[in-house]
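Below are the chains, spelled out letter by letter.
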Amino acid sequence: MAYKIVASQCTNCTACEALCPNLAISEAKGTFVIDPAKCTECIGHFDTPQCVAICPVDDTCVVDAVYPRYQA
Amino acid sequence: MTEALIPDTYSSEPAVDIADVMQKLAEHKGCGTEGGSGKASCGSSAGPADMPEEIWEKVKNHPCYSEEAHHHYARMHVAVAPACNIQCNYCNRKYDCANESRPGVVSERLTPEQASKKVLAVASTIPQMTVLGIAGPGDPLANPGKTFETFRLISEVAPDIKLCLSTNGLALPDWVDEIAKYKVDHVTITINMVDPEVGQHIYPWIFWENKRLQGYEAAKILTERQLLGLEMLTERGILAKINSVMIPGINDKHLVEVNKAVKSRGAFLHNIMPLISAPEHGTVFGLNGQRGPTAQELKALQDECEGDMNMMRHCRQCRADAVGLLGEDRSAEFTTDKIMAMEVNYDAEGRKAYQQAVEAERQAKVEAKKSELDGLDAAGDMKILVAVATKGHGIINEHFGHAKEFQIYELSAKGAKFVGHRRVDLYCKGGYGEEDALDTVIKAINDCHAVFVAKIGGCPKADLTAAGIEPIDAYAHEFIEQSALAWFKGYLAKVEAGEIVHTERGDAAIRQGALLSQAS
Ligand code: SF4
Ligand code: SF4
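What you are looking at is a predicted structure, and each value in this text was computed from that prediction instead of being measured.

**Concerning the site of ligand 1**
Ligand 1 sits among 13 residues. The nearest are Cys20, Asn22, Cys39, Cys42 and Cys51 of chain A. Looking at the shell around ligand 1, its residues break down into nine nonpolar, three polar and one charged.

Now the structure itself:
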């Protein structure tokens, strides 16, 4: 698993970008996206995924089940 | 005229007519008040007499803090800080926040470089622009890099521009020293409670030490940080203003306690604003039907707190990307594209000359309006409100039908005191649906005995009279306070002679809906 951002919900507030311990989040085409190859679900860094914790819109940073769970 | 705006209005070949710019400024719908009882005044009836000299020096030209200054000087906000670290029930981050002067995060975002260029462009075009604020769209201190870089860039080129910022206070203690370093002299903290029991109903969560905290725990940390931050500002001599949003049934009574808590920690001004709440805002409060206060409820609370400290009554809850004098917004002239295409020559000398002329005008006005207090004893304990249609400069100079807002003065034995304003613009976008404009106005000033205008048509005159509000055009183009008091003396005489019976007026409604950028 990795996390992904539901583009239609994202307000472009930039808050998640600065918090990601893996620099997995960046702005692309007017919204923010998570690079699944870099996202570790914050495992090894924080108890909770930072993007989920800071995002002002509920259910915007969500699990992307397409990817297998991150192995620390 | 936007394309033609050339920043340097003092150059020999201005592409924009300076007279045109000044005319625009003169037309602004601001409050031209001279303050309470014959003295230049700040934020409320309080003025130099009851405000320490050094504070008065700092705030007297600040359009957000001095009700007298704000039609002479302008402020602008730049939206460089989109991220936020708390969630408030009156805010929906997708849209403009009506309560905390923030545009929605979907609005234009500026980089520090763009922002500083914008500030210099505006300052060179509008010599009144003396204050730069960063208030959002999120929390400036949740975006410290962008916020302080913007301050740094501006202070390098334009050290005469005052810097201020507004914050929810959560991160404030961490940044007080940086704030001092950039000589930020005004910090506004939004404090809606000092008791977590109350706070948990206002703040669903905060982001704290890499976790999302909720409920009582979150509100407890928030209030501790806010008050600590306030104390640290006071210690360093940085002016702190407190904003509070009045939420009936949640913190309305509690705000008296907030007022005491912030006053004892050195806040110099407390601004209590009405909650602006409607379902279409998509906020928690908007959706759950939480109402805002009525005009009477708001004024009662402001009066109750005023005994303790300076209250600010003229706040229009303008947006974080606003440009212009309070109550007007010229931000459309300064979009990023236009600014980046501008060549900016910062004209410090020209600005200074302009500001000196303004100072002279202000002094003259204070002199011109003395006296008028004699013969008011007959008022006894009577206090009545009157509404005034004005374009600014302290004069009754707006047509009733053109007024986008009315200034409210309280008349009593103590004289005429500015106590606030009622906006009547955008009535169709606001909360009053399809009703006609006149109904909107009557609702907004229903607590007033009279309305002073430069001119008024026959129909509205009759309708106002029927509603018990006396329309008065006899003082067109005269000073507001002198005129209001002259009328008040006549009113008192008639009451004494038994010609009329003094009655109390009812309550008035506060228009709901944010002050939009392209308000028309
Ligand atoms: S879950 Fe953590 S690592 Fe993954 S994108 Fe969000 S902040 Fe970055
Ligand atoms: S925190 Fe949420 S709303 Fe803000 S940029 Fe990230 S995904 Fe978008």
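**Regarding the interface of chain B and chain A**
Facing the 17 residues of chain B at the interface are 21 residues of chain A. For the pair chain B and chain A, the summed buried surface comes to about 1,400 Å²; carbon and sulfur atoms form 51% of the total. On inspection of chain B and its partner chain A, the count reaches one salt bridge. Taken together, chain B and chain A are joined by five residue pairs in polar contact (both at pLDDT 80 or more).

**Let's talk about unusual backbone geometry**
All names here are of chain A. The backbone of leucine 23 shows a phi angle near 50 degrees, a positive value even though the residue is not glycine. Take leucine 23: it is sitting in the loop between helix H1 (15-19) and strand E2 (25-28). Judged by relative accessible area, which is 64%, leucine 23 ranks as exposed.

**Observations concerning the pairing of strand E3 (residues 31-34) of chain A**
Residues and elements named next belong to chain A. Of the strand pairs in this sheet, E2 and E3 are connected by four bridges, and their pairing is antiparallel. Bridge pairing in E3 places alanine 28 opposite threonine 31. The turn joining E2 and E3, which pair antiparallel and follow one another in sequence, is formed by two residues; a positive phi near 50 degrees is taken by lysine 29.

**A few points about the nonpolar core**
Residues and elements named next belong to chain B. Judged by nonpolar contacts, the single largest core of 52 residues is most densely connected at Val78, Leu132, Phe151, Ile179 and Val187. At five residues, the largest contribution of residues to this core is made by helix H3 (residues 112-125). Those residues within four positions of isoleucine 179 in sequence are excluded, and the remaining contacts are Leu141, Phe148, Leu165, Leu172, Val184, Val187 and Ile238.

**Regarding the sheet that holds strand E15 (residues 470-472) of chain B**
All names here are of chain B. Spatially, E13-E12-E11-E14-E15 is the arrangement adopted by the five strands of the open sheet, whose pairing is mixed. Of all strands in the sheet, those with a lone pairing partner are strand E13 (415-423) and E15, marking the two edges. Direction aside, the axes of adjacent strands within the sheet are offset by 25 degrees on average. Relative to E15, strand E14 (residues 448-452) is paired through three bridges, and the arrangement is parallel. Counted as the bridge partner of alanine 450 is glutamate 470 from E15.

**A short note on the pattern of salt bridges**
Residue and element names in this part refer to chain B. Within this structure, the stated rule accounts for 14 salt bridges over all chains. Notably, a salt bridge pairs aspartate 174 with arginine 225, separated by 3.0 Å at the nearest N-O pair. Of this pair, aspartate 174 sits in helix H5 (residues 172-181) while arginine 225 sits in helix H7 (residues 215-235), and the two are 51 residues apart along the sequence. Accessibility expressed as a relative area gives 52% for aspartate 174, which makes it exposed.

**Description of the packing of aromatic side chains**
Residues and elements named next belong to chain B. Applying the stated criterion across every chain, the model contains eight aromatic pairs over all chains. Aromatic pair phenylalanine 148 and tyrosine 182: ring centres 5.8 Å apart, planes at 20 degrees, arrangement stacked. In this pair, phenylalanine 148 sits in helix H4 (residues 144-157) while tyrosine 182 sits in the loop between H5 and strand E5 (186-190), placing the two residues 34 residues apart along the sequence. The exposure class of tyrosine 182 is buried, given its relative accessible area of 14%. Members of the aromatic cluster, each reached through a chain of ring pairs, are Phe148, Phe151, Trp175 and Tyr182. Residue placement shows arginine 212 over the ring face of tryptophan 205; its charged tip is 3.8 Å from the ring centre.

**Here's the deal with the packing of helix H8 (residues 255-264) of chain B against helix H10 (residues 295-306) of chain B**
Residue and element names in this part refer to chain B. Remark: H8 packs on H10, axes separated minimally by 10 Å, with the N-to-C direction vectors making an angle of 30 degrees. As for the relative orientation of H8 and H10, their crossing is right-handed in sense. Every residue of H10 that contacts H8 at Leu255, Val256 and Asn259 is listed here: Leu301, Glu304 and Cys305. Taken together, the residues of the contact of H8 with H10 break down into four nonpolar, one polar and one charged.

**Here's the deal with the confidence of the model for chain B**
Confidence along chain B averages 76 in pLDDT terms, with 70% of residues attaining 70 or more. Long-range and interchain partners of residues 316-321 of chain B, a stretch whose pLDDT sits below 50, account for 43 contacts in this model, where long-range means more than four residues apart.

**Regarding the environment of alanine 24 of chain A**
All names here are of chain A. Topologically, alanine 24 is positioned in the loop between H1 and E2. Relative accessible area serves as the criterion here: at 3%, alanine 24 is assigned to the buried category. As for alanine 24 and threonine 40, which are separated by 16 residues in sequence, their C-alpha atoms are 8.8 Å apart.

Thresholds applied
- Residues numbered from 1 in each chain as written.
- Chains lettered and ligands numbered in written order.
- Predicted model: local features only at pLDDT ≥ 70, side-chain atom pairs only at ≥ 80, totals over all residues.
- Heavy atoms only, no water.
- Near = heavy atom within 4 Å.
- Nonpolar A, V, L, I, M, F, W, Y, C, P; charged D, E, K, R; others polar.
- Contact = heavy atoms within 4.5 Å.
- Buried area = accessible area lost by both parts, 1.4 Å probe.
- Salt bridge = Lys/Arg side-chain N within 4 Å of Asp/Glu carboxyl O.
- Polar contact = N/O pair within 3.5 Å; in protein donor to acceptor, adjacent residues only side chain to side chain.
- Helix = DSSP H or I, 4+ residues; strand = E, 2+ residues; numbered from the N terminus.
- Buried < 20%, exposed > 50% of the residue type's maximum accessible area, 1.4 Å probe, protein only.
- Pairing = 2+ DSSP bridges.
- Core = buried A, V, L, I, M, F, W, Y, C linked by side-chain atoms within 4.5 Å.
- Axes fitted to C-alpha atoms, helices over the stretch in contact; angles between N-to-C directions.
- Phe/Tyr/Trp six-rings, centres within 6.5 Å; stacked < 30°, edge-to-face > 60°.
- Lys NZ or Arg CZ within 6 Å of the ring centre and 35° of its normal.
- Left-handed = near helix turned anticlockwise from the far one by under 90°.
- pLDDT = per-residue confidence, 0-100.

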